[in-house]
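Inside the fold
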Amino acid sequence: MLVPNFNLNNMYLENINLEELNSKKVNADILRIDKIHEVVSGNKIFKLKYYVEDCIKNNYDTILTFGGCYSNHIVASAFAIKELNLKSIGVIRGEKPTELSHTLKSAQEYGMQLEFFSRSDYRKKTEKIDFLKEKFGDVYIIPEGGSGLLGIKGAKEILDLVDIEKYTHILCAMGTGTTYMGIVNSSKKEQIIIGIPVLKGFSDLLNNEDFSSIKEEKKEYCKIFYDYHFGGYAKKNQELLDTMNNFFRETNIKTDFVYTGKLVYAFLDLLKKDYFNKESNVLLIHSGGLQGNLSLKDELIFI
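Quantified by volume, the largest pocket comes out at close to 1000 Å³. For the lining of the largest pocket, the secondary-structure elements that each account for two or more residues are helix 2 (43-57), strand 3 (62-67), helix 3 (72-83), helix 5 (119-123), strand 7 (169-174) and helix 8 (178-186). Tallying contributions element by element places helix 8 first for the lining of the largest pocket, with 4 residues. For the lining of the largest pocket, the class distribution of residues is 16 nonpolar, 17 polar and 8 charged. If you add up the space inside the second largest pocket, you get close to 470 Å³. Glu38, Gly289, Leu290, Gln291 and Leu294 are, among the 19 residues lining the second largest pocket, the residues nearest its centre. By residue number, the principal contributor to the lining of the second largest pocket is helix 3, which donates 3 residues.

Moving on, we come to a positive patch on the surface. A grouping of Arg119, Arg123, Lys124, Lys200, Lys235 and Lys236 is seen on the molecular surface, where their side chains present a positively charged patch. Of note, Arg123 is situated in helix 5. You can call Arg123 exposed: its relative accessible area is 64%.

Inside soluble globular proteins, nonpolar side chains tend to come together where they are buried. Ranked by size, the top nonpolar core spans 45 residues in total, and within it Leu31, Ile33, Ile170, Tyr180, Ile214, Leu283 and Ile285 carry the most contacts. When contributions to this core are tallied by element, the ones reaching two or more residues are helix 2, helix 3, strand 6 (140-142), helix 7 (149-155), strand 7, helix 8, strand 9 (222-224) and strand 10 (281-286). Here this core takes 6 residues from helix 2, the largest share from any one element. Look past the residues within four positions of Leu31 in its chain and what remains in contact with it is Tyr12, Leu13, Ile158, Leu161, Val162, Leu283, Leu284, Ile285 and His286.

Judged by pairing direction, the sheet is mixed, and its 6 strands sit side by side in the order 1-2-10-7-8-9 without closing on themselves. For this open sheet the edge positions go to strand 1 (13-15) and strand 9, each flanked by a neighbour on one side alone. When strand polarity is set aside, the average angle formed by the axes of neighbouring strands in this sheet is 25°. Where strand 7 meets strand 8 (residues 192-197), 6 bridges bridge the pair, whose relative direction is parallel. Following the sheet pairing, Met174 is matched in strand 8 by Pro197. Most of the contacts of helix 10 (residues 260-272) go to strand 10, to which it runs at about 165°, and overall it touches strand 2 (27-32), strand 7, strand 8 and strand 10.

We now examine the pattern of salt bridges. Evaluated as defined, the whole model comprises 17 salt bridges. Two residues, Glu83 and Lys82, come together in a salt bridge whose shortest N-O distance is 3.9 Å. With a closest N to O distance of 3.8 Å, Glu216 and Lys219 form a salt bridge. Owing to a relative accessible area of 59%, Glu216 belongs among the exposed residues under this scheme. One network of salt bridges, in which partners are shared, links Glu14, Arg32, Asp34 and Lys35.

In this fold, Lys188 is placed in the loop between helix 8 and strand 8. Considered as a pair, Lys188 and Glu165 are 23 residues apart in the sequence and their alpha carbons are 7.5 Å apart.

Across the sheet, 4 strands lie side by side as 5-4-3-6; this open sheet has parallel pairing. Looking along the sheet, the strands with just one partner apiece sit at the ends: strand 5 (112-117) and strand 6. Each adjacent strand pair in this sheet contributes to an overall mean axis angle of 25°, direction not counted. Bridge count between strand 3 and strand 4 (residues 87-93): 6 bridges; the pairing is parallel. Bridged to Ile63 within strand 4 is Ser88. Sheet strands touched by helix 3: strand 3, strand 4, strand 5 and strand 6. Its angle to strand 3, the strand with the most contacts, is close to 165°.

The next point concerns the packing of aromatic side chains. Inspection of every chain in the model, using the stated rule, returns 11 aromatic pairs. For the pair Tyr60 and Tyr140, a centre-to-centre distance of 5.3 Å together with 70° between the ring planes defines the contact as edge-to-face. One end of the pair, Tyr60, is in the loop between helix 2 and strand 3; the other, Tyr140, is in strand 6, and 80 residues separate them in sequence. Centre to centre, the rings of Phe79 and Tyr110 are 5.1 Å apart; their planes meet at 85°, and the pair counts as edge-to-face. Note that Phe79 is positioned in helix 3 and Tyr110 in the loop between helix 4 (102-109) and strand 5, a separation of 31 residues in sequence. A relative accessible area of 16% places Phe79 in the buried class.

Now for the pairing of strand 3. Of all 6 residues making up strand 3, 6 are buried, and the element is well covered by its neighbours. Taking every second residue as pointing to the same face, both faces of strand 3 are buried, with Thr62, Leu64 and Phe66 on one and Ile63, Thr65 and Gly67 on the other. Regarding the hand of the β-α-β motif, the stretch spanning strand 3, helix 3 and strand 4 is right-handed. Pairing between strand 3 and strand 6: 3 bridges, direction parallel. In the strand pairing of strand 6, Ile63 is matched with Tyr140.

The rules we used
- Residues numbered from 1 in each chain as written.
- Predicted model: local features only at pLDDT ≥ 70, side-chain atom pairs only at ≥ 80, totals over all residues.
- Heavy atoms only, no water.
- 1 Å grid on protein atoms, 1.4 Å probe; cavity = no way out; pocket = protein on both sides within 12 Å on 5 of 7 lines; lining within 4 Å.
- Points joined across faces, edges and corners; volume = space filled by probe spheres on them.
- Helix = DSSP H or I, 4+ residues; strand = E, 2+ residues; numbered from the N terminus.
- Nonpolar A, V, L, I, M, F, W, Y, C, P; charged D, E, K, R; others polar.
- Patch = residues over 30% accessible without salt bridge, like charges linked within 9 Å, V, L, I, M, F, W, Y side chains within 5 Å.
- Areas by Shrake-Rupley, 256 points an atom, 1.4 Å probe, with all protein chains shown as cover.
- Salt bridge = Lys/Arg side-chain N within 4 Å of Asp/Glu carboxyl O.
- Lys, Arg positive; Asp, Glu negative; His and termini not counted.
- Charge placed at Lys NZ, Arg CZ, Asp CG, Glu CD.
- Buried < 20%, exposed > 50% of the residue type's maximum accessible area, 1.4 Å probe, protein only.
- Core = buried A, V, L, I, M, F, W, Y, C linked by side-chain atoms within 4.5 Å.
- Contact = heavy atoms within 4.5 Å.
- Pairing = 2+ DSSP bridges.
- Axes fitted to C-alpha atoms, helices over the stretch in contact; angles between N-to-C directions.
- Phe/Tyr/Trp six-rings, centres within 6.5 Å; stacked < 30°, edge-to-face > 60°.
- Right-handed = clockwise from strand over helix to strand, strands pointing away.

Structure follows, in structure tokens:
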């Protein structure tokens, strides 16, 4: 099966040993679910789990899903679907580029058929489901990023990999918000769950209809910081890259510039601003996606 059975043995848990943490008297661990699989990395394996099970249960032979040129979800889906001897189609945001990104090249190598939508058409992709089914037949559709109720159901199992009782705060990067919602709904009542959106333009997400799966009594412990997107999805600057390089030098932990690099930057900035009380125990979720760094070979020291 795509997702193995895990034991609660902390094998993916690492302590973050940084001088600034010691000086603030804050403990931080990182849950390295990026280590679960090289390609179906981090949170992707959890968000795909129940979609794939539902697809197989209903006897589909082709899965269609959505994403951008640097989408970890696209490449993870392509690999996982190939391993299950099914066919895959990726609907990609934007016109077909002259040269495919490393992500899309990998997806093609794993057998995914790529279909490019202009950005305006992509924004209306949910209105084009009938068109896609007419073109490709009776395909099983997984929403962008593995979002939706089945994706949230899978993401709820991430915290099964660690004894979460000791943590006061849990942090994760946010794209669709699926992982964040899963973590919120599997956390303890008074744990503060911090989300770091990596896309520009979000605000007041907790009152968005898409976040309705979050229990009302948990919302007061949900915090989302909107100012760490560095200009938008897959945008970066030298400050972010320097943070990623320095974090690797000090911890030997690799991050990616789309998600986890921004997560680490936000965490260290909040730490510097004394957001965390002394004796706080913080857990960061490493959501994987390191393949996205392949385009930055001259800018990161750990590729």
